[in-house]
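Reading the structure
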Number of protein chains: 4
Amino acid sequence: MTTASSTTVLPFKVRDLSLAEAGRHQLRLAENEMPGLMALREEFGASQPLAGARIAGSLHMTVQTAVLIETLTALGAQVRWASCNIFSTQDEAAAAIAVGPTGTPEAPAGVPVFAWKGETLEEYWWCTDRIFDWSAEAEAAGADWIGPNLILDDGGDATMLVHKGLEFERAGAVPDATDADNHEYRVVLDTLRRSLDSSTDRFTRIASELQGVTEETTTGVHRLYELAAAGTLLFPAINVNDSVTKSKFDNKYGIRHSLPDGLNRATDVLMGGKVVLVAGYGDVGKGAAEALRGQGARVIVTEVDPICALQASMDGFQVAKLESVVGDVDIFVTCTGNKDVIGVDHMLAMKHLAIVSNVGHFDNEIDMAALENLEGAERVEIKPQVHEWRLPTGRSILVLSEGRLMNLGNATGHPSFVMSNSFTNQVLAQIELWTKVDEYPIDVYVLPKHLDEKVARLHLDALGVELTELSAEQAAYIGVPVDGPYKVDHYRY
Amino acid sequence: MTTASSTTVLPFKVRDLSLAEAGRHQLRLAENEMPGLMALREEFGASQPLAGARIAGSLHMTVQTAVLIETLTALGAQVRWASCNIFSTQDEAAAAIAVGPTGTPEAPAGVPVFAWKGETLEEYWWCTDRIFDWSAEAEAAGADWIGPNLILDDGGDATMLVHKGLEFERAGAVPDATDADNHEYRVVLDTLRRSLDSSTDRFTRIASELQGVTEETTTGVHRLYELAAAGTLLFPAINVNDSVTKSKFDNKYGIRHSLPDGLNRATDVLMGGKVVLVAGYGDVGKGAAEALRGQGARVIVTEVDPICALQASMDGFQVAKLESVVGDVDIFVTCTGNKDVIGVDHMLAMKHLAIVSNVGHFDNEIDMAALENLEGAERVEIKPQVHEWRLPTGRSILVLSEGRLMNLGNATGHPSFVMSNSFTNQVLAQIELWTKVDEYPIDVYVLPKHLDEKVARLHLDALGVELTELSAEQAAYIGVPVDGPYKVDHYRY
Amino acid sequence: MTTASSTTVLPFKVRDLSLAEAGRHQLRLAENEMPGLMALREEFGASQPLAGARIAGSLHMTVQTAVLIETLTALGAQVRWASCNIFSTQDEAAAAIAVGPTGTPEAPAGVPVFAWKGETLEEYWWCTDRIFDWSAEAEAAGADWIGPNLILDDGGDATMLVHKGLEFERAGAVPDATDADNHEYRVVLDTLRRSLDSSTDRFTRIASELQGVTEETTTGVHRLYELAAAGTLLFPAINVNDSVTKSKFDNKYGIRHSLPDGLNRATDVLMGGKVVLVAGYGDVGKGAAEALRGQGARVIVTEVDPICALQASMDGFQVAKLESVVGDVDIFVTCTGNKDVIGVDHMLAMKHLAIVSNVGHFDNEIDMAALENLEGAERVEIKPQVHEWRLPTGRSILVLSEGRLMNLGNATGHPSFVMSNSFTNQVLAQIELWTKVDEYPIDVYVLPKHLDEKVARLHLDALGVELTELSAEQAAYIGVPVDGPYKVDHYRY
Amino acid sequence: MTTASSTTVLPFKVRDLSLAEAGRHQLRLAENEMPGLMALREEFGASQPLAGARIAGSLHMTVQTAVLIETLTALGAQVRWASCNIFSTQDEAAAAIAVGPTGTPEAPAGVPVFAWKGETLEEYWWCTDRIFDWSAEAEAAGADWIGPNLILDDGGDATMLVHKGLEFERAGAVPDATDADNHEYRVVLDTLRRSLDSSTDRFTRIASELQGVTEETTTGVHRLYELAAAGTLLFPAINVNDSVTKSKFDNKYGIRHSLPDGLNRATDVLMGGKVVLVAGYGDVGKGAAEALRGQGARVIVTEVDPICALQASMDGFQVAKLESVVGDVDIFVTCTGNKDVIGVDHMLAMKHLAIVSNVGHFDNEIDMAALENLEGAERVEIKPQVHEWRLPTGRSILVLSEGRLMNLGNATGHPSFVMSNSFTNQVLAQIELWTKVDEYPIDVYVLPKHLDEKVARLHLDALGVELTELSAEQAAYIGVPVDGPYKVDHYRY
């Protein structure tokens, strides 16, 4: 199953110097686009606020994440890393980080990275498990055992593994999979069963040392709130996703960039003049619709929330039910965070070679399972991540990234500048949890607004933005400090 | 001072049948653009949820407000009305409402309205005071005394009058004006002094009967939160301003419409190719910038909040300090809600015939007081609400609406459809306070999200929007009821 | 400077000093927005290239035209003026021009102007006839008889009057109207019959003195090309309409400005979220569609030309037949230059209170004649130029400006800056015809490209545009002079 | 159907079945996006209007060109092909075309193609020469000698080779290269010298058989007009470039698509918030500016033509000299068609890691030669077609595609739908020259407008466009045939 032997520190993929060098070039360019992270290195490089922190990271192993990782280490942290998606690793970034600026593939001097593009699910969970295994670091430090004390998570898989691992250790056994369990959950169970076989208290010890988690995504945050509500959350969590400089930037401006990029790399199809259906008009949908209009497409929006539907209409978009327009649409883009938004019946009603894609995080927004089970449907690979599905109607559709996030699968995800905003939030959140542990009893928190504003502030110079300063009199007049925060917590931006 | 005698029920302005008829035509057209209000008439016309409510209204007396007023009465309320701005009354709307659909100027059968375009400050506060005088209604009802039991407020003047009136009645005297008091506050003191002379407990009785206030604006809401924080708020308040269907619609889409309208009616100046400075990139500034870009202007934004500044930059606008660009700008538009955003030094540095205007609610965003005191400056009226100020530099600037809200002073304010959203919130808030008084102890509230979504829902059909319905399975999957609300309270839209 | 003698019959409207003073203020502001005309005054004020020119002008008598007229006189011309549309005169502009900067209504020192807002057709043609009657000027000059030697025309009415007048003088009689003649043509015949009654060679003499005409519009140009093709054109003509700085600016950017302005002043209806049908995607339609999208409307285009239809689609607009969408549309705007684009059957299928308007020059784009003859239809005036038509279906529609140009009828037409481009072309064309008569044998011409580029150049400074200069080497490389012209004649911009 | 005999030397690249199969998949998808070409196959497949035509094609050997080639053969033509750019070939497209739908690499049954990605200049001109060598076809046909009778050209290299070849054959010798000749011209001379060595009348015979050329680009058209003006043009030419459906679509909508695509694939840099300088506001610059604004960039335009500069300003863009803003710009895009637009002095003044790119056709728009000669400058390859140039200032810049067309070098050029417009013009032009040779004496022509409109018409259905039909009455009213053409020749669209 996994190609890395159990004694190997680094996956084979990163043992390639030219890959590492290519990655290092890209890191250098990305650093120029990530002014927030570079500013943190400057501000905190000397004081080393993350000294002692051991961070288990699970987040798409891209060039941008590489800059994040090197920022964490520049602030004193030790780090182990896995990707949070089987397709999203950029191998040259993984190689560069693993090798490190001064190392070689033979003598790596970087960060242990367990990620490569195109993992199997078995490999994926093996990698995730590796970020909790700090035996090499313990050995290097001459310690008996050490574990991570912070998680940096994207989607909550790492956090889930600890929670489930502890649960099964307490129960004394990992349950057998049931018929209702999907393939991935079976792999998780297998992974935890192997862990339990090797140690009856491995996750118990890990959980006891963890001071907290910082979570990147809507999905992961949703899980955290559920755990907190159920009283089973094991450590405090900071919801990075709901920082304004994350959700309103990453979701909107990131998708605005990476959606057309993914369409182009996947299909080279002209967007101008085409009818595009954007399912969902949240921040992701807003970014998608803006990008497509900017390319001359005619955008139709579907929505369930009347407020968002009214916004879409006020922004000049037709709002319709999918059923009403399905036969007129050239390109479908799901952005809902819900499931079964596009079903097989919809697909059967589409135009020949309609493009079907998802940027909404959940890979079941398009009902791929039903498509795969559709009698008479045939899948033809046009190129990796681009498949023609020949349907029993005689028509075909083009499915991107197998229904998964096409902006990651067909393009390179959000660009560095957007990720610099998200990741500066991440680093500040890690510092909060590490340095102010007493201020965060077990619960889910958002970063205080002044840190959110700080993240924005660190990105202004790079864009040539001149910020106006309030006079003391003006600040008093509207009842805010001169240096902010400037808005009430519920302000919507 | 006031032209209406003390025995007159209605101001002279409305005694004009052709005015009333013109207003009635406009009401009919406005009703077609206010589907939310019309839907409430249909839903609640029979059940009369506002029966018994006596509403003292203080809100721009426009055609849209006329539809609001007739909706309130259609739901059973009695109403008295004043405008909340000396310039904003549309006389034909006031006339139509005062005369009523079935009345005549001689035998009015409408709602007592105290408002006309171009009031003096003395007249303005006399009008505001009138909405608390229900003696005519008491007489008609054969009652000894009755007062209002609800306030519908815009900017908080009516609410302030009650709070100050009560304060001075408790103190036994209205204080003398001090040198620090501006002209308007002196008029308020005079108004309350006359009230106290006529009755020592008038506002005491009024305050005791009031079940609450619903407030339309940021400014008014700000005052309410201050009162609540100080423990001096006299009755519960619903903050209509922060309904999503108010703040994100009225502020953004309303300004997008009415800012260019005001510029056109005031100056007829081509916006295309011009450099326009938009001060503030909140919802109002966002709407302003979008409108101006849509007309081919080059927009420069000023901001103090780094998050909003970053948004402006991501939206493609130059963000600069006013000082850096003042000499290049053709049109200035303030949207900040702060004071002294444009000072006299800025004005002296402007291009010849630069246009200076404000849509940010506070009339001190442009430092008009300092301009009026500037030695050597001369004011020339080009037409009403458009003044050329000849400056000692030899250059002139054009000031719109004397620095007050130019979208109201130079145009007709937000269009009916936008106001239908705000006002549907207002009506729902009045119903809440009137029918569920026990659920609202003295404090400041926002409307529950399901009502916010309802407001949006009532406006979709008119725009041809088809709303998608969640399946039960989908709703469960994302953890919301099928019929909403669909979002967490802090969702930013 | 032209002055009207005390015996000249000036229209009563201009005998109003306050009107003239208001107009003078507006002229001053407009001059700031018409840098092209002001630059011509500077360049040619001393050399007086139009000395001796006697110009009969027929063009909307607006504030912008006033600046044009005073530019013509500043360059030495004598001028008489009428409007070319019964509704388009701005009375204060007419008054200001007639009174002149130094005159009074009693002792006017301006230009004889025959135009007021709201002329009857009889008045309109009387006014047009007046611009050919230079008896007052002859008297002032002590001459036996003089006539105009240049026409400045908009739509070709003045040119047509001379051609028809000459034709009937040659025939010896004005024919009787036939049943096929519409009302307006009957008025023209009456006007010419009166002329013929007074003199058998009046238009013969006028035609013999005329050195040429400069024509502003598509319509007028079309007539000129027909005359030239038929060999009956009496004098050379310059087609100002097809200067790039006219057609691509006036049509596109002018409409972008004045269409939403007209909708606002007429109806105050929110454009955001509305479905708007733009009939025709020529330059006017392109400007209309851009303006409406900029306001958040959803625009549907109709087209007959496949190239323009493809452009509309590439620009992101739905392109449909009117029949397919008529029931979904909130606002109709015709921009075709053709007739019967919206017929009565369409109107009967429209939504209640759909708005029907035209900016396409021809007042028969909307079949108003058929509407007026529709049994059971009733017209209700909401306000001047805004009429509700109650249809036999029980629904109503709102018709703006009686189907005529709503951007002139409901707003103030194109803004000064746009007209400065058109009118700078006009002045340069008048100079061409007056000073280089030998270079223009009888035919229809467009201005040479270097003059077109000059017009643009004169408008750049006002917008802060920095123009790049070609090096001699670069100019040679692309084969153009350093100072232009830079493009081949068929370049499309 | 053309087949290459077993003795034909096919370039090695196409001898790869998997490459050919991948290309065949892409062709199938591209056909769906090229409705104009597919419609021609349907319309003309039976009548074979190109039977007997032997076409020498020189045009970027992309997937789209593959569909063009198979359209030409479907209409009866024999074809040989080379690319017109050393970098632009898509090898899988070349392979698919060479192998043909039914062939194999060992037994190719397609069209002889001489093109691969990354040719040297020597290889490039060898390939170009090959399209004039029809010996294999002659052999297959049992003929003594045959040559091409039509050229389909892009940039004019094939046409130039014939003209120069004939010139030197007449002169009896190919001149020696002079010091002033650049490297490429030396290669051309070598190529022709080899030809002359092999035959003294090869190009003489070729030229005598050629019935004409259809030319794709501004550059090539410019050369043709120079030849025609000099009286040295050897055969008639159709200027496809100036068809509206080519220049206004390919240039504007093609660049709108492929510019951001190239930036993304080359750099993954966020465009939102960035300052981008677009040099030149012709059709290409207009498309570039629109695309970048649609991605949230702040666009600054440079222009030499005052009309285009005024358009840019009216469209809301800052227009400045490069010198004034060079230090503020993040991304430079040249679109001028001129040389030395960005010089070394500019580069030395740029921000660190500013991106420098060209989509303006001429590879000297950026003065790469001077950069290569700059002392102290060092070139680092980040990845193919992306180079960091470390400058003596200590700053770096990123140069895309070595200054050549980055939308071809870093992306995949214009998308199929855009090229379908251009190429449908090409096919119609080839048919014109082949079937109506007598109507085209030697000169340069544009396609008649009815064919231009036909091209547009063939692309409407695919976009769901409903075209309105004129009534006979309406057509008469505006003086056009019901079926078009609808516009005068100088109409600007």
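Under an unreviewed UniProt entry, the name given to chain A is Adenosylhomocysteinase, and the organism recorded is Orlajensenia flava. According to its UniProt record, chain A has this under Pathway (unreviewed entry): "Amino-acid biosynthesis; L-homocysteine biosynthesis; L-homocysteine from S-adenosyl-L-homocysteine: step 1/1."

1. Describing the domain arrangement of chain A
Residue and element names in this part refer to chain A. Split by domain assignment, chain A resolves into domain 1 (17-210) and domain 2 (252-410). A C-alpha centroid distance of 32 Å is found between domain 1 and domain 2. Taken together, the contact between domain 1 and domain 2 spans five residues of the former and five residues of the latter. Buried surface at the junction of domain 1 and domain 2, both sides included, amounts to about 510 Å², of which 64% is carbon and sulfur.

2. Some remarks on the relation of the copies chain D and chain C
Overlay of chain D on chain C (RMSD 0.1 Å): rotation 180 degrees, translation along the axis 0.0 Å. Taken together, the turn and the small shift mark the pair as related by a two-fold rotation axis. When C-alpha distances to the rotation axis are compared across chain D, the minimum falls at Arg492 of chain D, with a value of 2.1 Å. Looking at the interface residues of chain D, 100% of them are also at the interface in chain C, so both copies use one shared face.

3. Things to note about the relation of the copies chain B and chain A
When chain B is fitted to chain A, the residual RMSD is 0.1 Å, and the transformation amounts to a turn of 180 degrees plus an axial shift of 0.0 Å. With an isologous cut-off of 70% or more, the 100% of interface residues of chain B that recur at the interface of chain A puts this contact in the isologous class.

4. Overview of unusual backbone geometry
Residue and element names in this part refer to chain B. Here the bond from Gly484 into Pro485 is cis, since omega is 0 degrees, no more than 30 degrees from zero. Along the chain, Pro485 falls in the segment after helix H20 (472-478). The phi dihedral of Gln385 falls on the positive side, at around 70 degrees, and the residue is not glycine. Summarising the element assignment, Gln385 is placed in the loop between strand E12 (378-383) and strand E13 (386-390).

5. Concerning the interface of chain D and chain C
Chain D puts 64 residues into the contact, and the matching count from chain C is 64 residues. Together chain D and chain C conceal approximately 6,000 Å² of surface at their shared face, both sides included; 57% is due to carbon and sulfur atoms. The interface formed by chain D and chain C includes four salt bridges. One salt bridge in this structure joins Lys487 of chain C and Asp305 of chain D, with 2.8 Å as the shortest N-O distance. Applying the counting rule to chain D against chain C returns 32 residue pairs in polar contact (both at pLDDT 80 or more). Going through the elements one at a time, helix H11 (244-267), helix H12 (283-294), helix H13 (306-314), helix H18 (416-435), helix H19 (449-457) and helix H20 (472-478) of chain D are the ones with two or more residues in the side of chain D that touches chain C. Counted by class, the side of chain D that touches chain C contains 26 nonpolar, 18 polar and 20 charged residues.

6. So, the packing of helix H2 (residues 35-44) of chain A against helix H3 (residues 63-74) of chain A
All names here are of chain A. Where H2 contacts H3, the axes come no closer than 9 Å and their chain directions differ by 10 degrees. Here H3 runs roughly parallel to H2, going by the angle between their axes. From H2, Leu37, Met38, Leu40 and Arg41 reach across to H3, where they touch Val67, Leu68, Glu70, Thr71 and Ala74. Class assignment for the residues of the contact of H2 with H3 results in six nonpolar, one polar and two charged.

7. What about the confidence of the model for chain A?
Residues and elements named next belong to chain A. Across chain A, pLDDT averages 94, with 97% of residues at or above 70. In the model, residues 1-9 has pLDDT below 50 throughout and makes 13 contacts with residues more than four positions away in sequence or in other chains. Model confidence for the complex is summarised by a pTM of 0.95, with the ipTM given as 0.94.

8. Some details on empty space enclosed by the protein
Under the defined criterion, the tally for this structure stands at 15 cavities of 30 Å³ or more. Arg293, Arg298 and Gly316 of chain A together with Arg298 and Gly316 of chain C are, among the 14 residues lining the second largest cavity, the residues nearest its centre. Counted by class, the lining of the second largest cavity contains six nonpolar, four polar and four charged residues.

Rules of the game
- The numbers attached to residues start from 1 for each chain and follow its sequence in the written order.
- In the order they appear in the text, chains get letters beginning with A and ligands get numbers beginning with 1.
- Reporting of local features is limited, given that this is a predicted model, to residues whose pLDDT is at least 70; pairs of side-chain atoms are given and counted only at 80 or more, and all residues count toward the totals for whole chains, interfaces and linings.
- Processing note: side-chain calculations cover all non-hydrogen atoms of the structure and skip hydrogens and water entirely.
- UniProt positions are given in the numbering used here, feature names are shortened, and annotations may be inferred rather than shown by experiment.
- Where each domain starts and ends comes from a domain assignment, either automatic or drawn from a database.
- Contacts are assigned to residue pairs that have any heavy atoms within 4.5 Å of one another.
- By buried area we mean the combined loss of accessible area, with a 1.4 Å probe, across both parts when two parts are placed together.
- The atoms used to superpose the copies are C-alpha atoms, taken from residues with pLDDT of at least 70 in both, and the fit is least squares.
- A helix here means a DSSP run of H or I that spans at least four residues, while a strand means a run of E at least two residues long, and both kinds are numbered starting from the N terminus.
- For this document, the term salt bridge refers to a Lys or Arg side-chain nitrogen within 4 Å of an Asp or Glu carboxyl oxygen.
- We call two N or O atoms a polar contact when they sit within 3.5 Å, provided that within protein one can donate a hydrogen and the other can accept it, with sequence-adjacent residues counted only if both atoms are side-chain atoms.
- Amino acids outside the nonpolar list (Ala, Val, Leu, Ile, Met, Phe, Trp, Tyr, Cys, Pro) and the charged list (Asp, Glu, Lys, Arg) are all regarded as polar, and Gly is one of them.
- Every axis in this analysis is a line fitted to C-alpha atoms, fitted for helices over the stretch in contact. Angles between the N-to-C directions lie between 0 and 180 degrees.
- Any angle between 65 and 115 degrees counts as roughly perpendicular, while under 35 counts as roughly parallel, over 145 as roughly antiparallel, and the rest as oblique.
- One confidence number per residue, pLDDT, is output by the predictor and ranges from 0 to 100.
- In this analysis the probe radius is 1.4 Å and the grid spacing 1 Å, with only protein atoms considered; a cavity is a set of points the probe fits into but cannot get out of, a pocket is an open set with protein on both sides within 12 Å along at least five of seven lines, and lining residues have an atom within 4 Å of a point.
- Grid points are joined across faces, edges and corners, and a volume is the space filled by probe spheres set on the points.

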